[in-house]
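# Report on the structure
One-letter residues, chain by chain:
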2 protein chains.
Amino acid sequence: MGLVIGIDLGGTETKIGLVDEHGKILNKTTIPTLVSRGREDVVARIANSIHNILDIANEKDKVLAIGIGSPGSIDRDSGKVLFSPNFPDWRDFPLASMIRKHTGLETFIENDANAFILGEWAFGKYKGSKHMIGLTIGTGIGSGVISHGQLITGHNGYAVELGHIIVEPNGPLCGCGSHGCLEAVASATAIVRFAHEYRKRFPDSAIFSSEKIEAKTVIDAAKSGDELGKIIFDRFIDALARGIGGFIHTFNPEVVIVGGGVSKAGDFLLKNLRERVDRYVMTSFKGTAKVDLSDLVEDAGIKGAASIVFYRKR
Amino acid sequence: MGLVIGIDLGGTETKIGLVDEHGKILNKTTIPTLVSRGREDVVARIANSIHNILDIANEKDKVLAIGIGSPGSIDRDSGKVLFSPNFPDWRDFPLASMIRKHTGLETFIENDANAFILGEWAFGKYKGSKHMIGLTIGTGIGSGVISHGQLITGHNGYAVELGHIIVEPNGPLCGCGSHGCLEAVASATAIVRFAHEYRKRFPDSAIFSSEKIEAKTVIDAAKSGDELGKIIFDRFIDALARGIGGFIHTFNPEVVIVGGGVSKAGDFLLKNLRERVDRYVMTSFKGTAKVDLSDLVEDAGIKGAASIVFYRKR
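Predicted, not measured: the structure shown is a model, and the values here were computed from it.

## Overview of the sheet that holds strand β10 (residues 150–151) of chain A
Residue and element names in this part refer to chain A. Judged by pairing direction, the sheet is mixed, and its five strands sit side by side in the order β10-β9-β8-β11-β12 without closing on themselves. Both outer strands of the open sheet, β10 and β12 (290–293), are each paired with one neighbouring strand and no more. Pairing between strand β8 (residues 132–137) and strand β9 (residues 141–147): six bridges, direction antiparallel. The residue of β9 that forms the bridge with I137 is I141. Against the sheet, helix α3 (residues 112–123) contacts β8, β9, β10 and β11 (255–259), and its axis sits at roughly 45° relative to β9.

Structure follows, in structure tokens:
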């Protein structure tokens, strides 16, 4: 295999790296995305950064292709960004073909949640596994599944939206219009919302001594024994575990890998999550699926984007 | 292609048929399973019936192989029945190799829920679809999924158990030990249980004028406007639709096909189910998945069993 350019496209900043087949990043750069300057401008600056990386690395002749991990809905066959909340005017934008025109390199695109699980498949602790589920837990919940060695994308390319499985039928309203989606009760956003909602009952919670309340604030409070922290963390972990239990019954995976901002809660999260998932897995499935955190934390986005190429050319 | 023997193994009776590649049944027989006589006896009588069918049909030289649809947990690689509630002493029973020894024909085994969706894939209204979900709703809920043309069986062969996805977190206890599994609220068993539970509040319901209360009794009552019938049917359809909505978000299938005893409720069930599923599917998935009832009702079990062979030799 050769080298690959991975582009981790984000609403605020975009990371671009030169990655080898072992997931080693040989060179990288971060640029502000500056969506407001218009999409052609964004593309031109990304292309410019790619040229700089290729020049410095002096590896141009070995570069195989480019992989782009994009937020939102993409069409992997035409290489278009169909719709992304982060890029309001990018509807049906042929991002891959424009990057290809600028660089002369074959370019693949995938949504960032699928790029996450492909990164795990290509470079992570469980690399090469044919049955893996990936969840990225941050502002929302992204998901990607490899089953029988195949990235599950479905009939129209819309699979897998595990963040919009209902885990609390009468739970909080989700951005998608349903009540109690996994994303509405087990994302970082949900954790912070719960803290504000419970404030009147627990005004003296350690959570409110922080200037800015983030998911980490709440999880740290739970870890140190704060009562409200424990209540919110328990609701979060219970919903997440019930969801994951269902995904295990659905896909019978070898491993469920959790990434995204919330996964930085580390061992405390993992220990509690494993115990709770075990409660929601039926006897015949006991011990069949590992639950783990991503170990690709640094530059996971670039690695995930690069892995799209390794997957497509497998 | 040639002809195939399909064996629909049941707790009470076993159906055996000679099936062509279009799903046409050329010859068939039904024998009592008589589990109590011991497994060797069951196998010998099944083998005997196969010989009779082959003799009558005079087609032996064209018969490709045998497919067995079995209840319970099976190992498709070794051809064993691992465990089946219907056959208590069949633990790790090498059913396929024994049938093979008796008949000289290659023999494949699959659980009956997977055989159901393979039957749809081979012979149903949506035959050849690469993205289908099958649910058989009867005493329990069986499920099978074809995604990207592949029967999803998972890392250990245990996928897909959609009947054990939790749709009512504080709902009735399921046989698996969890609360509110789809099977615990949306099977025929659940419908009948609800009727008994609600009896004190609705003693005059039309449901209780039947000598024996079955799921059909309750659904017929709902259809004719009986209040309790409507309450139970609404709870059933809501849970089922919420489940199916989640499966659509998971697999992005072309079609979800419902079979099993409850599907005999026909158009009344289908109309209500379609409306309710639509409520639980998010905007980007609207209209992506058809919901339909199986059209293989007659001898569906034999056809499903035969389709295992056509799938394995595809």
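## As for the relation of the copies chain B and chain A
Here chain B sits on chain A after a turn of 180° about the axis and a move of 0.0 Å along it, with an RMSD of 0.0 Å. When the rotation and shift are considered jointly, the pair of chain copies conforms to a two-fold rotation axis. In terms of C-alpha distance to the rotation axis, chain B has V167 of chain B as its closest residue, with the C-alpha 3.4 Å off the axis. A shared binding surface is used by both copies, with 100% of the interface residues of chain B retained as interface residues in chain A.

## Some thoughts on helix α6 (residues 215–223) of chain B
All names here are of chain B. Every buried residue of α6 is accounted for by A215, T217, V218, I219, A221 and A222. If you follow the buried residues of α6, they end up packed against α5 (188–198), α7 (227–251) and α8 (266–279). At the C-terminal side of α6, G225 shows a positive phi close to 95°.

## Points about the interface of chain B and chain A
Opposite the 37 residues of chain B that make contact, chain A presents 37 residues. Both sides together, the interface formed by chain B and chain A hides about 3,000 Å², and carbon and sulfur atoms give 65% of it. Contact with chain A buries area across many residues of chain B, yet H148, H155 and T250 of chain B alone supply 19% of it, more than any other trio. Between the two partners, chain B and chain A, sit zero salt bridges. Mapped onto the side of chain B that touches chain A, the elements with two or more residues apiece are β10 (150–151) and α7 of chain B. When residues in the side of chain B that touches chain A are grouped by element, the largest group, five residues, is from α7 of chain B.

## Quick word on the domain arrangement of chain A
Residues and elements named next belong to chain A. Taken domain by domain, chain A comprises domain 1 (3–119 + 299–312) and domain 2 (129–293). A separation of 28 Å is found between the C-alpha centroids of domain 1 and domain 2. Of the residues lining the interface, eight residues belong to domain 1; the matching set on domain 2 comes to 19 residues. Taken together, the two surfaces of domain 1 and domain 2 that pack against each other cover about 990 Å², and 68% of this comes from carbon and sulfur. Looking at the side of domain 1 facing domain 2, the largest losses of area belong to F116, I117 and Y311, adding up to 54% of the total buried there. Across the contact surface, domain 1 and domain 2 share zero salt bridges. The tally of links between domain 1 and domain 2 comes to one residue pair in polar contact (both at pLDDT 80 or more). Here the side of domain 1 that touches domain 2 takes five residues from α3, the largest share from any one element.

How each quantity is defined
- Residues numbered from 1 in each chain as written.
- Chains lettered and ligands numbered in written order.
- Predicted model: local features only at pLDDT ≥ 70, side-chain atom pairs only at ≥ 80, totals over all residues.
- Heavy atoms only, no water.
- Pairing = 2+ DSSP bridges.
- Helix = DSSP H or I, 4+ residues; strand = E, 2+ residues; numbered from the N terminus.
- Contact = heavy atoms within 4.5 Å.
- Axes fitted to C-alpha atoms, helices over the stretch in contact; angles between N-to-C directions.
- Least-squares fit on C-alpha atoms with pLDDT ≥ 70 in both.
- Buried < 20%, exposed > 50% of the residue type's maximum accessible area, 1.4 Å probe, protein only.
- Buried area = accessible area lost by both parts, 1.4 Å probe.
- Salt bridge = Lys/Arg side-chain N within 4 Å of Asp/Glu carboxyl O.
- Domains from an automatic or database assignment.
- Polar contact = N/O pair within 3.5 Å; in protein donor to acceptor, adjacent residues only side chain to side chain.

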